[in-house]
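Notes for the structure review
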Amino acid sequence: MSPTTVVVTGLGTTSPLGGDVDSTWEGMLAGRSGANRLEHDWAEQLPVRIAAEVAVEPAEVLDRVKARRMDRSAQFAVVAAQEAWTDAGLPGTELDPERLGVVIASGIGGVTTLLSNYDALLAKGPRRVSPLAVPMLMPNSPAANIGLLYGAQAGVHTPVSACASGNEAISLGIDMIRLGRADIVIVGGTEAAIHPLPMAAFANMMALSKRDDDPALVSRPWDLARDGFLLGEGAGVLVIESAEHASSRGARVYACVAGAGITADSHDIAQPDPAGRGGTRAIARALYDSKLAAGDIQHINAHATSTPQGDIAEGLMIHATLGDAADDVVVTSTKSMTGHLLGAAGALESIATIKALHHRQVPPTINLDDLDPAVELDIATSVRELPDGDIAALNNSFGFGGHNVAIAFTTV
Amino acid sequence: MATTEDIRSTLAEIVNDVAGIPAEDVQLDKSFTDDLDVDSLSMVEVVVEAEEKFDVKIPDDEVKNLKTVGDAVAFIERAQA
């Protein structure tokens, strides 16, 4: 029996480039950086004072009382889910709640709620710790809030695999549909960790760029002058469903989620395998799962975070899996514009991959002035067109802990 | 000394801030749960805010007795006396 075909029918985001998919996509095509200098008082002491904050504060969009009961990460997720739900044409549609699932990932969870309540505990005592702290800080809170919003009863899940979390959520959503446990799954990732503690921690582990000049120049995947990633925040949410269900309700289909590959390095808690073996196996498995050949892949939205090691390793993975066909693939890293959204990265970049297939346009990698000679890839430095006909694209995500997830999308 | 109306109106501002209930709806005869839809977690927030605003202690055991806005206002009046 051939597996159920899974399609994408709705997209939503709130990102450093815009408060929705259209503005984010326009920003990407324009090669606009979402980075900004942090104006908060707490940033003055930090070794890194540049990040990529969301373009539209969720408080401007959400009901005040609902928003104050959610961590910032859940606020982002709900904003993105509302857009995806509407985009999928689902408002007013009669659905069986037992066939509706949610898989929303987070790398770190409600860290700002945890830390602000600790501040309150130290300053004013235990009585001032919010009774809402636990339901706000738990990492499954964004998924649970979305599940509540739409009455999802097929299962509400939260994978946590650092920077691979968003892609892992999409992969688990595919499984739910293929295994017959749901017809529609709201999938994606969210992250809100622009706070002095996580920023200091990432900086101290030498993961963040220490550049302190023009914020727009910080994130520069594959460029010789890259020195670490730019921390971003936001959420990406997709509505995926069985092709049969989408067809039965006459839904607009952006792309097929053809398949996924998940592997683990088991190499080091923070360093990627320098040979990229785990990532290579993830890409190979995604191709196998999707029944795609190397030559079908026309575009890759790379993980490429702008770290010295990781960007090189991913190039090796792409060559190891695609062979000679790698030369014909247009590769980009939208992190050059959005920064690294950690647990939301895979979801936002899957949206960019789907939009690229849908519009047959690949957004550029900005700041690639001086390509690292260790990288042999055809990287888009301006908007590139994709060919007509049936084509496929990959989105890669790799996370601390050695998590690797590649997702394959195809045109419809 | 704060009047009953002063206490009610300050409490109404807290309930509005925490639960989004219009302050003018927060009248003495209203039940927090049945009329104002204040759930148990929001009630704890209201109580903690009220303790700080009125400089009183409202023990957890006492909270279940504060069924109406009037109950809460009366408790605060007694505690301040």
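What you are looking at is a predicted structure, and each value in this text was computed from that prediction instead of being measured.

Tallying secondary structure elements over chain B gives four helices and zero strands in all. Along chain B, helices and strands appear, N-terminal first, in the series α-α-α-α. At 11 Å, chain B has a C-alpha radius of gyration in line with the 12 Å of a compact globule built from 81 residues. The C-alpha extent of chain B, read off along each of the three principal axes, is 30 × 25 × 20 Å. Taken over 81 residues, chain B has a buried fraction of 40%. Residue pairs in contact within chain B that sit at least 24 positions apart in sequence constitute 56% of those at least 6 positions apart. Total accessible area computed for chain B in this model is approximately 4,300 Å², and 47% of it derives from carbon and sulfur atoms.

Attention now goes to the domain arrangement of chain A. Residues and elements named next belong to chain A. As far as domains go, chain A holds domain 1 (7-248) and domain 2 (259-410). If you average the C-alpha positions of domain 1 and of domain 2, the two centres end up 21 Å apart. Counting from both sides, the interface comprises 66 residues of domain 1 and, opposite them, 65 residues of domain 2. Carbon and sulfur atoms make up 68% of the area that domain 1 and domain 2 hide from each other, which totals about 4,800 Å². At the boundary of domain 1 with domain 2, the tally comes to four salt bridges. For Asp311, the salt bridge is made with Arg226, and the minimal N-O distance between the two is 3.4 Å.

A surface patch of like charges, here negative, comprises Asp324, Asp327, Asp328 and Glu376 of chain A. With respect to the secondary-structure elements, Asp327 of chain A resides in the loop between helix 11 (308-322) and strand 10 (330-332).

Attention shifts here to the interface of chain A and chain B. Listed as interface residues are 11 residues of chain A and, on the opposing side, 17 residues of chain B. When chain A packs against chain B, the two sides together hide about 1,200 Å² of surface, and 38% of this comes from carbon and sulfur. At the surface where chain A touches chain B, the tally comes to eight salt bridges. Between Arg127 of chain A and Glu51 of chain B there is a salt bridge, with the nearest N and O atoms lying 2.9 Å from each other. Taken together, the links from chain A to chain B amount to 12 residue pairs in polar contact (both at pLDDT 80 or more). No other element matches the three residues that helix 2 (residues 64-68) of chain A contributes to the side of chain A that touches chain B. Among the residues forming the side of chain A that touches chain B, the class breakdown is four nonpolar, one polar and six charged.

A few words now on the packing of helix 1 (residues 21-29) of chain A against helix 13 (residues 345-359) of chain A. Residues and elements named next belong to chain A. As a packed pair, helix 1 and helix 13 sit with axes 11 Å apart at the nearest point and diverge in direction by 75 degrees. With respect to their mutual orientation, helix 1 and helix 13 come out roughly perpendicular. Residues Val21, Asp22, Thr24, Trp25 and Met28 of helix 1 touch helix 13, and the partners they reach there are Leu348, Ile351, Ala352, Lys355, Ala356 and His359. The residue inventory of the contact of helix 1 with helix 13, partitioned by class, reads seven nonpolar, two polar and two charged.

A few words on the packing of helix 1 (residues 4-19) of chain B against helix 2 (residues 40-54) of chain B. Residue and element names in this part refer to chain B. Following both chains from N to C, one finds helix 1 and helix 2 inclined at 135 degrees, their axes separated by 10 Å at the closest point. Accordingly, the angle class assigned to the pair helix 1 and helix 2 is oblique. In this structure, the crossing between helix 1 and helix 2 has a hand that is right-handed. Contacts between helix 1 and helix 2 pair Ile7, Thr10, Leu11, Ile14, Val15 and Val18 from the former with Ser42, Glu45, Val46, Glu49, Ala50, Lys53 and Phe54 from the latter. The residue makeup of the contact of helix 1 with helix 2, split by class, is eight nonpolar, two polar and three charged.

Turning next to the pattern of salt bridges. A side chain of one charge can pair with a side chain of the opposite charge if their charged atoms are brought near each other. As enumerated under the stated definition, the model contains 25 salt bridges over all chains in all. Here Glu52 of chain B and Lys124 of chain A are joined by a salt bridge, their closest N and O atoms 3.8 Å apart. Linking Glu52 of chain B in helix 2 with Lys124 of chain A in helix 4 (residues 111-124), this pair reaches from one chain into another. With a relative accessible area of 45%, Glu52 of chain B lands in the partly exposed category. Overall, Lys124 of chain A belongs to the exposed group, its relative accessible area being 51%.

Attention shifts here to the sheet that holds strand 1 (residues 6-14) of chain A. Residues and elements named next belong to chain A. Reading across from one edge, 5-4-6-7-1-8-15-14-9-10-12 is the order of the 11 strands in this open sheet, with mixed pairing throughout. Since the sheet does not close on itself, it has two edges, and those belong to strand 5 (156-157) and strand 12 (378-379), each with one partner. Two elements, strand 1 and strand 8 (residues 255-264), share two bridges in a ladder whose sense is antiparallel. Looking across to strand 8, one finds that Val7 is bridged to Cys256. On top of the sheet, helix 11 reaches strand 9 (297-301) and strand 14 (392-399); it is set at about 135 degrees to strand 14, its chief contact.

Here we come to the packing of aromatic side chains. All names here are of chain A. Overall, the coordinates contain three aromatic pairs over all chains when judged by the stated rule. Relative to Tyr150, the ring of Trp85 has its centre 4.0 Å away and its plane inclined at 20 degrees; by these criteria the two rings are stacked. You can see Trp85 sitting in helix 3 (residues 72-87) and its partner Tyr150 sitting in helix 6 (residues 141-150), a full 65 residues away along the chain. The two residues Trp85 and Tyr150 agree in class, both being buried. A ring pair is formed by Phe202 and Phe229, whose centres lie 5.5 Å apart and whose planes are at 70 degrees; its orientation type is edge-to-face. With Phe202 in helix 8 (residues 196-204) and Phe229 in the loop between helix 8 and strand 7 (234-242), this pair connects stretches of sequence that are 27 residues apart. Both residues of the pair, Phe202 and Phe229, belong to the buried class. By the ring-pair criterion, three or more aromatic residues cluster together here, those being Phe202, Phe229 and Phe400.

Basis of the calculations
Residues numbered from 1 in each chain as written. Chains lettered and ligands numbered in written order. Predicted model: local features only at pLDDT ≥ 70, side-chain atom pairs only at ≥ 80, totals over all residues. Heavy atoms only, no water. Helix = DSSP H or I, 4+ residues; strand = E, 2+ residues; numbered from the N terminus. Rg over C-alpha atoms; globule rule 2.2 N^0.38 Å. Buried < 20%, exposed > 50% of the residue type's maximum accessible area, 1.4 Å probe, protein only. Contact = heavy atoms within 4.5 Å. Areas by Shrake-Rupley, 256 points an atom, 1.4 Å probe, with all protein chains shown as cover. Domains from an automatic or database assignment. Buried area = accessible area lost by both parts, 1.4 Å probe. Salt bridge = Lys/Arg side-chain N within 4 Å of Asp/Glu carboxyl O. Patch = residues over 30% accessible without salt bridge, like charges linked within 9 Å, V, L, I, M, F, W, Y side chains within 5 Å. Lys, Arg positive; Asp, Glu negative; His and termini not counted. Charge placed at Lys NZ, Arg CZ, Asp CG, Glu CD. Polar contact = N/O pair within 3.5 Å; in protein donor to acceptor, adjacent residues only side chain to side chain. Nonpolar A, V, L, I, M, F, W, Y, C, P; charged D, E, K, R; others polar. Axes fitted to C-alpha atoms, helices over the stretch in contact; angles between N-to-C directions. Parallel < 35°, antiparallel > 145°, perpendicular 65-115°, else oblique. Left-handed = near helix turned anticlockwise from the far one by under 90°. Pairing = 2+ DSSP bridges. Phe/Tyr/Trp six-rings, centres within 6.5 Å; stacked < 30°, edge-to-face > 60°.

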